[in-house]
Each structure stands twice: as structure tokens, then as C-alpha cells.
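So the chains spell out like this:
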Amino acid sequence: MKLKQLESMLGQLQQFSNPKVELEQYPTGPHIASRMLYTAENSFGDVSNKIVADFGCGCGTLGAAASLMGAEQVIGIDIDSESLEIASLNAEDLELDINFIQCDIRNLVWRGPIVDTAVMNPPFGTRTKGADMDFLSVALKIASRAVYSLHKTSTREHVKRAALRDFGASSAEVLCELRFDVPRLYKFHKKREMDIAVDLWRFAPKTNQGN
């Protein structure tokens, strides 16, 4: 699938109707989502015919992108039931077969590499300190090939140090810097929209040092 076609299809998806600030629910836009999964597949072969988990899937944009890029199986995980309802409807609209699980990522009981690739746009950790690192820590335990994740560019050194030193990643690479558009969703937002500099990371677990 071509990048423009992927972005166009993702642009049709429903997003949060009543986002929860405590969960830092911001929609992953089609521009970023399409580039994440297109890069993961076309540069690294980490999506097609692979089992992919979408951590904190929200309305299911990244999972849908993975499915459209030929993933063998996609599993979307989120703590919020309302988000999962929207994600399920989105999957139906695009005629995609995606499995959804309601679970707090930190309480996930999977042991060892369960999926090939994990993709995620985790909370930035502005409401719950360290939430982004909790997501990354768990993802690196259950993915055998790679973890793709978005983190604020301002935290680049912290993210790299934590991944390599604390979470056992064999590599941590910033693939590109992107602008994450944050629409005015909450009362404390003063501007109609703003964009935040984010890094698209690819982390390789220790079990996959050869790739």
C-alpha cells in the first residue's frame, strides 16, 4: 500500500468524542500513524505477516495502520472501554480483523516475547510521571523484533538511557523527528491547536540483536 493511500484511509477513522485528560488521550493523527507503520514495514520488514501489538491503542489508529500494511494479527490494548468501542467500530468500518483487550499496560501478565512488533503512542507522562517509560518497559519485554514509539524530543537522552540501561534494549534509534499536532481538547488548552516535537523511535529487544 502506498503512503498516501494509507494516510487517506486512516483519516476516515473516528477519534475521541470525550477524551480523558487523566489518561492523556490525544489522537494519533493519520500523518504520523501512516509514516510510523509505513517506515516499520518498508525500512525494516517489521509489520507484514507479523503479530503486532498496539499499546494504549486508543481509537485504534496505529493498529489499523498495521493491519492495512499486512500484519498477520493485530492486538489493540487499552485501559479505557470507551476508546476500545470506537477502535472496534473503526476496525469494522475498514473491514479489519483486530483483537482488542481492555487492560492496564502495567498489569499485563504476558511473559516473554508474545508478539513480533509493538507500536505505540504512549502518554507523554505529563499527568502521570513515568507513564511513557512504563509503556516502553513492558513493550520491550513482550516484543521479539522491535518496538516503535513516539516520545517528546525534549526527553531524547532520558529515553535512550532508560531503554539501553534499564530496559535491556539492544539498540535505540531515532528514525525521524515529527510534529505532533495537539488539537484543543481540554479546558486548560489556551490555543486552538499546537504542535509538539516528537521523536519516532525504533527499539530492538535484546532477544533480537542479530536484526
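Thresholds, definitions, all that
- Residues numbered from 1 in each chain as written.
- Predicted model: local features only at pLDDT ≥ 70, side-chain atom pairs only at ≥ 80, totals over all residues.
- Heavy atoms only, no water.
- UniProt positions renumbered as here; feature names shortened; annotations may be inferred.
- Helix = DSSP H or I, 4+ residues; strand = E, 2+ residues; numbered from the N terminus.
- Polar contact = N/O pair within 3.5 Å; in protein donor to acceptor, adjacent residues only side chain to side chain.
- Contact = heavy atoms within 4.5 Å.
- Salt bridge = Lys/Arg side-chain N within 4 Å of Asp/Glu carboxyl O.
- Buried < 20%, exposed > 50% of the residue type's maximum accessible area, 1.4 Å probe, protein only.
- Axes fitted to C-alpha atoms, helices over the stretch in contact; angles between N-to-C directions.
- Parallel < 35°, antiparallel > 145°, perpendicular 65-115°, else oblique.
- Left-handed = near helix turned anticlockwise from the far one by under 90°.
- Nonpolar A, V, L, I, M, F, W, Y, C, P; charged D, E, K, R; others polar.
- pLDDT = per-residue confidence, 0-100.

Within an unreviewed UniProt entry, the label attached to the protein reads Methyltransferase-like protein 5, and the organism entered is Salix brachista. Regarding the protein, the UniProt comment filed under Sequence similarities (unreviewed entry) reads as follows: "Belongs to the methyltransferase superfamily. PrmA family."

A word on the side chain of D54. Relative to the elements of secondary structure, D54 occurs in strand β1 (residues 51-55). Within the structure, D54 has its side chain in polar contact with the backbone nitrogen of G63 (distance 2.9 Å). Apart from the residues within four sequence positions on either side, D54 is in contact with G60, L62, G63, I75, G76, I77 and V119.

Taken as a whole, this structure holds 7 salt bridges when the rule is applied. Between D104 and R106 there is a salt bridge, and its shortest N-O distance comes to 3.1 Å. On the accessibility criterion, D104 (18% relative accessible area) is buried. Here the salt bridges do not stand alone but share partners, grouping D46, R145 and R202 into one network.

Quick look at the environment of H151 now. Inspection of the secondary structure puts H151 in strand β5 (residues 143-152). For H151, a relative accessible area of 1% puts it in the buried group. When the C-alpha atoms of H151 and V174 are compared, they prove to be 9.9 Å apart, with 23 residues separating the residues in sequence.

Packing of helix α1 (residues 3-10) against helix α2 (residues 30-44) leaves a shortest axis separation of 9 Å and a crossing angle of 135 degrees. When the axis of α1 is compared with that of α2, the two are oblique. For the pair α1 and α2, the crossing hand works out as right-handed. From α1, L3, L6, E7 and L10 reach across to α2, where they touch P30, H31, A33, S34, R35 and Y38. Of the residues in the contact of α1 with α2, the class split is 6 nonpolar, 2 polar and 2 charged.

Moving on to the confidence of the model for the protein. Residue-level pLDDT values for the protein average 87, and 84% of them are 70 or greater. Confidence, read as mean pLDDT per element, is least for strand β6 (residues 169-183) in the protein (87) and greatest for strand β4 (residues 115-120) (98). Taken together, the stretch residues 185-189 has pLDDT below 50 and engages in 17 contacts with residues farther than four places along the chain or on a different chain.

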